[in-house]
Amino acid sequence: MKQNGIYDMLGQLQASPNVYFLSEGMDFDSNQFNPQTKTITWNSRVGFYTDNLYEMSPVEVLNHEIDHALEYDTNPIQQKTYGGIKDPNYSNLEEKRVITGSEQETAQKLGKLKPGEVTRDNHGGSPYETTSPISTEPKWSCTPSKE
Ligand SMILES: [Zn+2]
């Protein structure tokens, strides 16, 4: 993350006097931040095809969850309030804040967005297994049989 210039939020979280935990997720849908346990659960081999056909690498998904944790750390009341306000496209206002904010910044810093492009404009997409935490290359490819 340091090498790719996307370490800011993790650095801020590490500088917090509060302790946060990073737990290895085992499922395709295990990526999340749990404020009760101050735990980010992250599957380091799961990327995300968004509804805008953008490919998020696992480390970008991690940065998304780190933003939720950082908001909880610095602005817990708003994090909870926003999380409880539904949004028709982004599930809730906390997701909208992260997706329209740091998720776009992270993608831009990685040089993956052309001007005017966004990773997605909703909270949707499909998880898939990647070859590494920093790759968007699918681990499995489907080749049609010749029969
Ligand atoms: Zn989120």
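As a reminder, the structure under discussion sits directly above these lines.
For the structure given in this document, a descriptive report is provided here.

1. Things to note about the packing of helix 2 (residues 58-74) against helix 3 (residues 76-83)
Working step 1: Running from N to C, helix 2 and helix 3 cross one another at 125°; their axes reach a closest spacing of 5 Å. In terms of axis orientation, helix 2 runs oblique to helix 3. Here helix 2 contributes His 68, Glu 71, Tyr 72, Asp 73 and Thr 74 to the contact with helix 3, which in turn contributes Pro 76, Gln 78 and Gln 79.
Working step 2: Taken together, the residues of the contact of helix 2 with helix 3 sort by class into 2 nonpolar, 4 polar and 2 charged.

2. Looking at the coordination of the zinc ion
Geometry reference: four tetrahedral donors at a metal, ideal angle 109.5 degrees. Six octahedral donors, ideal angles 90 or 180 degrees.
Working step 1: Protein coordination of the zinc ion is provided by His 64 (NE2), His 68 (NE2), Glu 95 (OE) and Glu 95 (OE), with donor distances spanning 2.0 to 2.5 Å.
Working step 2: Taken together, the 4 donor atoms coordinating the zinc ion span angles of 56 to 152° at the metal, a pattern that classifies the geometry as irregular.
Working step 3: All donors of the zinc ion come from a single chain, and their spacing in sequence reads H-x3-H-x26-E. Taken together, the residues span a long stretch of sequence, with His 68 in helix 2 and Glu 95 in helix 4 (residues 93-100) at a distance of 27 residues. Residue His 68 shares its accessibility class with Glu 95, and that shared class is buried.

3. Description of the nonpolar core
Working step 1: Within the largest apolar cluster, 10 residues are counted, these being Met 9, Leu 13, Tyr 20, Phe 33, Ile 40, Trp 42, Leu 62, Ile 66, Ala 69 and Leu 70.
Working step 2: For this core, the secondary-structure elements that each account for two or more residues are helix 1 (8-15), strand 3 (39-42) and helix 2.
Working step 3: Non-local contacts of Ala 69, meaning those with residues more than four positions away in its chain, are made with Leu 13, Tyr 20, Phe 33 and Ile 40.
Working step 4: With 6 residues, the next largest nonpolar core counts Phe 48, Tyr 54, Met 56 and Val 61 among its residues.

4. Overview of the packing of aromatic side chains
Working step 1: This structure, assessed with the given rule, holds 3 aromatic pairs.
Working step 2: Ring geometry for Tyr 20 versus Phe 33: centroids 6.2 Å apart, planes at 45°, classification tilted. Within this pair, whereas Tyr 20 is found in the loop between helix 1 and strand 1 (21-24), its partner Phe 33 is found in strand 2 (residues 32-34), the two being separated by 13 residues in sequence. Neither Tyr 20 nor Phe 33 differs from the other in exposure class; each is buried.
Working step 3: A ring pair is formed by Tyr 49 and Tyr 128, whose centres lie 4.1 Å apart and whose planes are at 15°; its orientation type is stacked. One end of the pair, Tyr 49, is in strand 4 (residues 46-50); the other, Tyr 128, is in strand 8 (residues 125-129), and 79 residues separate them in sequence.
Working step 4: Residue Tyr 49 is classed as partly exposed on the basis of its relative accessible area, which comes to 32%.
Working step 5: Pairwise contacts between aromatic rings join Tyr 20, Phe 33 and Tyr 72 into one cluster.
Working step 6: Here Lys 2 stacks its cationic end above the ring of Tyr 7, 4.7 Å away from the centre of that ring.

The rules behind these values
Residues numbered from 1 in each chain as written. Predicted model: local features only at pLDDT ≥ 70, side-chain atom pairs only at ≥ 80, totals over all residues. Heavy atoms only, no water. Axes fitted to C-alpha atoms, helices over the stretch in contact; angles between N-to-C directions. Helix = DSSP H or I, 4+ residues; strand = E, 2+ residues; numbered from the N terminus. Parallel < 35°, antiparallel > 145°, perpendicular 65-115°, else oblique. Contact = heavy atoms within 4.5 Å. Nonpolar A, V, L, I, M, F, W, Y, C, P; charged D, E, K, R; others polar. Donors = N, O, S within 2.8 Å, 3.2 Å for Na, K, Ca; no water. Tetrahedral: all angles 85-135°; square planar, octahedral: opposite > 155°, others 65-115°. Buried < 20%, exposed > 50% of the residue type's maximum accessible area, 1.4 Å probe, protein only. Core = buried A, V, L, I, M, F, W, Y, C linked by side-chain atoms within 4.5 Å. Phe/Tyr/Trp six-rings, centres within 6.5 Å; stacked < 30°, edge-to-face > 60°. Lys NZ or Arg CZ within 6 Å of the ring centre and 35° of its normal.

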